[in-house]
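Structure at a glance
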Amino acid sequence: QDPKLYPPGDIVFLDRGEGTTALIHLHGATIISWKCNGVENLYLSQSSVFDNKKAIRGGVPVVFPNFGPWPLGPQHGFARIKRWSIAVPPRKDHNGDVIVLFTLDADDETLAMWNYKFKLVYTIVLTPTTLMSTLVVHNKDTKSLGFTCLLHTYFRVANIETTAIEGLQGLIFSDKLKDGKEVKETRKQITVDKNYDRVYKDAPKTLFISSGPDPARNIELVTFNFPDIVVWNPWEQKAKEMSDFDDDGYKEMICVEPGKVIVPITLEAGQQYECKQTLICKL
Ligand code: TA6
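Bear in mind that the values here come from a model prediction, so they are computed numbers and not experimental data.

**Let's talk about the nonpolar core**
The tendency in soluble globular proteins is for nonpolar side chains to be buried as a group. Counting 71 residues, the largest nonpolar core has Phe64, Trp84, Phe102, Tyr122, Phe147, Leu168 and Ile254 as its most contacted members. With six residues, strand β20 (residues 253–267) is the single largest residue contributor to this core. If sequence neighbours within four positions are ignored, Trp84 has contacts with Leu26, Gly28, Ala29, Val62, Ala79, Phe102, Thr103, Leu104, Leu120, Tyr122 and Leu135. Formed by six residues, the second largest nonpolar core is a distinct cluster that contains Val63, Phe67, Leu150 and Val230.

Written as structure tokens, this is what we have:
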């Protein structure tokens, strides 16, 4: 990796062999690369700022405790801009799959924004064809707490014009570009040819994101306890307006983001909530 982009000591490297690897940056426990047989499946903007302050532009940012604008703190919450700890360093299990655990605990900074004692446990498993990300939210407080959460996954595509998302047909989505207007999705294959910012409700647990050619990619997204799916592409103008988003980056990415964002979760003291995305490269 280019050392100027990946300061040493900030990155965890997972290697499953045969060109299947992953990189996780401790800033936000952000997965910034997932290669299957040598093919990169995540989009990471080359203009992303790695200052351990700003959210990383790409990969899989962890959104917690709030998806979207937040009166108590930064947009999309603090999880993606905090430095996480490696609770269990990378190790191989009996299948040879690689597992690593990260944690984030409430601290003075988070308590000042959001006065709740929480603990996040984030487990990443790399197998020859899958990348599994499991987030467990623990309420360590004596009072109940409410939150929304989401994995803001940036999928890399060879060409947005040949990209299709399958599995959302028939669902209602809230169009954030039309003041949240609710619209029914009628298409079996969703293609994107402009700025999209949509929150699909009560989505099925399995979606497919296909794109190509050179290389062709067909990613299956399987979710657990993530009933909502956000589909986002800034398109040309908004990509240009974001200093950390490559100007032409919109042509080679699509965000398909599993989340629990429409109806917040309320956790009683001592309770926990587990949610998961599994990415499977099929071909
Ligand atoms: O997930 C879609 C979205 O909420 C868009 O509205 C856009 O704001 C995007 O997230 C990126 O947000 P960020 O704070 O990372 O620039």
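**Here we look at the sheet that holds strand β4 (residues 39–40)**
Spatially, four strands are ordered β1-β2-β3-β4 in an open sheet, and the strand pairing comes out antiparallel. Each having just a single partner strand, β1 (11–17) and β4 make up the two edges of the open sheet. By the bridge criterion, six bridges tie β1 to strand β2 (residues 20–25) in an arrangement that is antiparallel. Across the sheet, the residue bridging to Phe13 is Leu23, located in β2.

**Comments concerning the site of the ligand**
The immediate surroundings of the ligand are formed by Arg57, Phe67, Gln75, His76, Arg80, His152, Lys176, Asp197, Val230, Trp232 and Glu257. Within the contact set of the ligand, an oxygen atom lies 3.0 Å away from a side-chain nitrogen or oxygen of His76. One of the side-chain N or O atoms of Lys176 is found 3.2 Å from an oxygen atom in the ligand. Taken together, the residues of the shell around the ligand sort by class into three nonpolar, three polar and five charged.

**Focus: the UniProt feature "active site" (unreviewed entry) in the protein**
Taking the UniProt record as the reference, the feature "active site" (unreviewed entry) is found at His152 and Glu257. Look at the named residues: they lie 106 residues apart in sequence, but the longest C-alpha span between them is just 4.8 Å, so in the fold they bunch up. Judged by relative accessible area, His152 falls into the buried class, the value being 6%. In this view, His152 contacts Gly59, Val60, Pro61, Val63, His76, Trp232, Cys255 and Glu257; residues no more than four positions away in its chain are not counted. Inspection of the secondary structure assignment puts Glu257 in strand β20.

**Observations concerning the environment of Asp197**
Tracing the sequence through the fold places Asp197 in strand β16 (residues 196–200). Taking C-alpha positions, Asp197 is 32 Å from Phe13, a pair spaced 184 residues apart along the chain.

**What about the sheet that holds strand β9 (residues 130–139)?**
Spatially, β6-β7-β8-β9-β21-β18-β17-β12-β15 is the arrangement adopted by the nine strands of the open sheet, whose pairing is antiparallel. Looking at the sheet topology across the chains shown, the edges are occupied by β6 (85–92) and β15 (189–190). Across two bridges, strand β12 (residues 164–166) lies against β15 in antiparallel orientation. From the neighbouring strand, Glu166 faces β15, where its bridge partner is Gln189.

**A short note on the UniProt feature "binding site: substrate" (unreviewed entry) in the protein**
Here, the residues flagged by UniProt with the feature "binding site: substrate" (unreviewed entry) are Arg57, Gln75 and Arg80. Taking the farthest pair of C-alpha atoms as the criterion, the annotated set spanning 24 residues converges on one region, since that pair is 13.6 Å apart. The exposure class assigned to Gln75 is partly exposed, which follows from its relative accessible area of 43%. Other than its neighbours up to four places away in sequence, Gln75 contacts Gly68, Pro69 and Arg80. Looking at the secondary structure, you find Arg80 in the loop between β5 (62–63) and β6. By relative accessible area, which is 14% here, Arg80 ends up buried. The contact partners of Arg80, leaving out residues within four places of it in the chain, are His27, Gly28, Thr30, Ala55, Pro61, Val62 and Gln75.

**Overview of unusual backbone geometry**
With an omega dihedral of 0 degrees, the bond running from Phe64 to Pro65 counts as a cis peptide bond. Within the secondary structure, Pro65 is located in the loop between β5 and β6. The omega torsion across Gly212 and Pro213 is -20 degrees, close enough to zero to call that bond cis. We note that Asn52 has phi near 55 degrees; this positive angle belongs to a residue other than glycine. You can see Asn52 is positioned in the loop between β4 and β5. Residues other than glycine seldom take positive phi values, yet His76 does so here, at roughly 70 degrees. Note on placement: His76 falls in the loop between β5 and β6. With relative accessibility at 8%, the residue His76 sits in the buried group.

Parameters and conventions
- Residues numbered from 1 in each chain as written.
- Predicted model: local features only at pLDDT ≥ 70, side-chain atom pairs only at ≥ 80, totals over all residues.
- Heavy atoms only, no water.
- Core = buried A, V, L, I, M, F, W, Y, C linked by side-chain atoms within 4.5 Å.
- Buried < 20%, exposed > 50% of the residue type's maximum accessible area, 1.4 Å probe, protein only.
- Helix = DSSP H or I, 4+ residues; strand = E, 2+ residues; numbered from the N terminus.
- Contact = heavy atoms within 4.5 Å.
- Pairing = 2+ DSSP bridges.
- Near = heavy atom within 4 Å.
- Polar contact = N/O pair within 3.5 Å; in protein donor to acceptor, adjacent residues only side chain to side chain.
- Nonpolar A, V, L, I, M, F, W, Y, C, P; charged D, E, K, R; others polar.
- UniProt positions renumbered as here; feature names shortened; annotations may be inferred.

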